[in-house]
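The chain contents come next:
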Amino acid sequence: MRRSILALNAGSSSIKFRLYDLSASTELDLASRGSLDLGDAPRLTAKAADGELQCDRPLAADASRDIGPDIGIGQMLQWIENELGGRKLIAAGHRIVHGGREFVDPVRLTPTIIEALDRLTPLAPLHQPRSLAPIRALAALRPDLPQVGCFDTAFHRTIEPLVSRFALPRHYEADGIHRYGFHGLSYEYVAGRLKQISPDLAAKRTIVAHLGNGASLCAMREGKSVDTTMGFSALDGLVMGTRCGAIDPGVLLYLLLERGVSGEALQDMLYEESGLLGVSGISGDMRTLEASDDRRAREAVELFAFRAAREVAALANTLGGLECLVFTGGIGEHSAPARKAICGRLDWLGVAIDKTANSSHAALISRADSKVEVRVVATDEEGVIAHHTRKVMEEPG
């Protein structure tokens, strides 16, 4: 009977998962990777490590209610236990978007801790409930299964107060209103991957661009976060799929006080109706916009690249220079036009990319004469979750 760890990464309408077997040497061997799509056409899909299809089926609906994380995870567990066979789940690990000030290391989840994390929902009103829903579903389905929380904010705990502080009355900072940063599990993986490639590379003044439906940048020195574009919330920084990124607070005050927009409507607009979708009026998906001939689509893509390049320059100031630029995330890994547009605006910093390498999504896309090493690294948040989960389970007590 193989002992296995389940790593879950919850999104807006799907839950990515990976199943790892613990080998005799306590290494983690990928057994399956897949997703629970909980949208309009609920579906469970999974592939083996070699890409062979293991499962592709619709989720069976409950006539009394819509399919949610509890039903989806229940059917996933049945598939793992009854059809993959020969495995015993020993723990499940989760990506949790916000850990606040208290949770800066992976932790075994208890009812008390889950409630403490739930109280952080106002800091991440859309993301935190999505993070906690699979945890609660698993706790109900398998109450004896240990669960571990891994926090997207934790990687940025090394940011100094000068960088994390807002210029607000001091007592607000004491109440926890400061810049937290997000996408930490992705940045943690990339930092570790750079160290694997070369210790010298990991030591460089590096900016990692995690570009996807959610997008941010992280400035690293010696593999540690020193600055990032997301702040108190996951709204800040870059233009994203449906989120606006950095915006003049005066705009928000105007909408609230002069236009009569309610707080709830404003929250929905900033999180769900802005960004690439809002500017283009077409889609928040970069692939759709890049394929479109519509002027508005082109303008949205141009704004995305402009803002990303501008923030790279700002983080280079924090670092005192730039030696390595890394692209990751769905757009960062797969959109050669987006990388080209961003890097083209950074040629004054010495960034020069090879057209052929960029078009083929090579691991190294900078030219030999580039002053900045430019790389593409596929992120692996689920792998980080699994390693943290194993480590927590191995701790005494």
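Cut-offs used in this document
Residues numbered from 1 in each chain as written. Predicted model: local features only at pLDDT ≥ 70, side-chain atom pairs only at ≥ 80, totals over all residues. Heavy atoms only, no water. Pairing = 2+ DSSP bridges. Helix = DSSP H or I, 4+ residues; strand = E, 2+ residues; numbered from the N terminus. Contact = heavy atoms within 4.5 Å. Axes fitted to C-alpha atoms, helices over the stretch in contact; angles between N-to-C directions. Buried < 20%, exposed > 50% of the residue type's maximum accessible area, 1.4 Å probe, protein only. Expected span 1.5 Å × (residues − 1). Polar contact = N/O pair within 3.5 Å; in protein donor to acceptor, adjacent residues only side chain to side chain. Core = buried A, V, L, I, M, F, W, Y, C linked by side-chain atoms within 4.5 Å. Patch = residues over 30% accessible without salt bridge, like charges linked within 9 Å, V, L, I, M, F, W, Y side chains within 5 Å. Areas by Shrake-Rupley, 256 points an atom, 1.4 Å probe, with all protein chains shown as cover. Salt bridge = Lys/Arg side-chain N within 4 Å of Asp/Glu carboxyl O. Parallel < 35°, antiparallel > 145°, perpendicular 65-115°, else oblique. Left-handed = near helix turned anticlockwise from the far one by under 90°. Nonpolar A, V, L, I, M, F, W, Y, C, P; charged D, E, K, R; others polar.

**A short note on the sheet that holds strand S1 (residues 2-10)**
Now for step 1: Reading across the sheet, the eight strands line up as S5-S4-S3-S2-S1-S6-S8-S7 and stay open at both edges, with mixed pairing between neighbours. Both outer strands of the open sheet, strand S5 (53-58) and strand S7 (107-108), are each paired with one neighbouring strand and no more.
Now for step 2: Both strand S2 (residues 14-22) and strand S3 (residues 28-37) contribute to a ladder of nine bridges, which runs antiparallel. Across the sheet, Phe17 pairs through a bridge with Gly34, a residue of S3.
Now for step 3: Contacts from helix H3 (residues 127-141) reach S1, S2, strand S6 (87-96) and strand S8 (147-151) within the one sheet, and its direction differs from that of S6 by about 160°.

**Some thoughts on the sheet that holds strand S10 (residues 215-221)**
Now for step 1: Ordered by their spatial adjacency, five strands build an open sheet running S11-S10-S9-S12-S13, and the pairing between neighbours is mixed. The open sheet has two free edges, formed respectively by strand S11 (224-228) and strand S13 (373-376), since each of these has just one partner strand. Strand after strand, the sheet turns through a mean of 25° between neighbouring axes, direction not considered.
Now for step 2: Pairing of strand S9 (residues 206-211) with S10, which is carried by six bridges, proceeds in the antiparallel orientation. Bridge assignment links His210 to a residue of S10, and that residue is Ser216.
Now for step 3: Across the sheet, helix H14 (residues 336-344) is in contact with S9, strand S12 (324-328) and S13; its angle to S12 comes to roughly 155°.

**Considerations on the pairing of S11**
Now for step 1: Burial within S11 is extensive, with four of its five residues counted as buried.
Now for step 2: Where S10 lies against S11, four bridges are found, and the strand directions are antiparallel. The residue bridging Arg221 from the neighbouring strand is Lys224, located in S11.
Now for step 3: Where S10 folds back onto S11 in an antiparallel hairpin, the turn is made up of two residues, including Glu222, whose phi is positive at roughly 55°.

**Quick look at helix H12 (residues 295-319)**
Now for step 1: The terminal C-alpha atoms of H12 lie 36 Å apart, and with 25 residues this matches the ideal 36 Å at 1.5 Å per residue to within 8%.
Now for step 2: Capping the start of H12, Asp294 holds a side-chain oxygen 2.8 Å from the backbone nitrogen of Arg296, two or three residues further along.

**Quick notes on the nonpolar core**
Now for step 1: By size, the foremost hydrophobic cluster in this structure holds 44 residues, and its most contacted members are Ile207, Leu211, Phe304, Leu325, Phe327, Ile342 and Val374.
Now for step 2: For this core, the secondary structure elements donating two or more residues are S9, S10, helix H11 (286-290), H12, S12, H14 and S13.
Now for step 3: Setting aside residues no more than four positions away along its own chain, Val374 makes contact with Leu325, Phe327, Cys343, Val351, Ile353, Ala363, Leu364, Ile365 and Ser366.
Now for step 4: Counting 23 residues, the second-largest nonpolar core is a separate cluster that includes Leu8, Met76, Trp79 and Leu138.

**A look at a nonpolar patch on the surface**
Now for step 1: A cluster of nonpolar side chains, Leu253, Leu256 and Leu257, forms an exposed patch at the surface whose accessible area comes to about 300 Å².
Now for step 2: Position of Leu257 among the secondary structure elements: in helix H8 (residues 249-257).

**Section: the environment of Cys218**
Now for step 1: Within the secondary structure, Cys218 is located in strand S10.
Now for step 2: Sequence separation of Cys218 and Ala338 is 120 residues, and the distance between their C-alpha atoms is 18 Å.
Now for step 3: With near-sequence residues (within four places) excluded, Cys218 lies in contact with Phe155, His156, Tyr187, Thr206, Ile207, Val208, Ser225, Asp227, Thr228 and Leu315.

**Some words on the packing of H8 against helix H9 (residues 263-272)**
Now for step 1: Close contact between H8 and H9 brings their axes to 10 Å; oriented N to C, the two are set at 140°. With respect to each other, H8 and H9 are oriented oblique. Two packed elements cross with a definite hand, and for H8 against H9 that hand is right-handed. Counting all contacts with H8, which are made through Leu252, Leu255 and Leu256, the residues of H9 involved are Gly263, Leu266, Met269 and Leu270.
Now for step 2: Of the residues in the contact of H8 with H9, the class split is six nonpolar, one polar and no charged.

**Let's talk about the pairing of S9**
Now for step 1: Counting buried positions along S9 gives six out of six residues, so the element sits mostly inside the fold.
Now for step 2: The turn linking S9 back onto S10 is made up of three residues.
Now for step 3: The pairing of S9 with S12 spans five bridges and is classified as parallel. Across the sheet, residue Thr206 finds its bridge partner in S12, namely Cys324.

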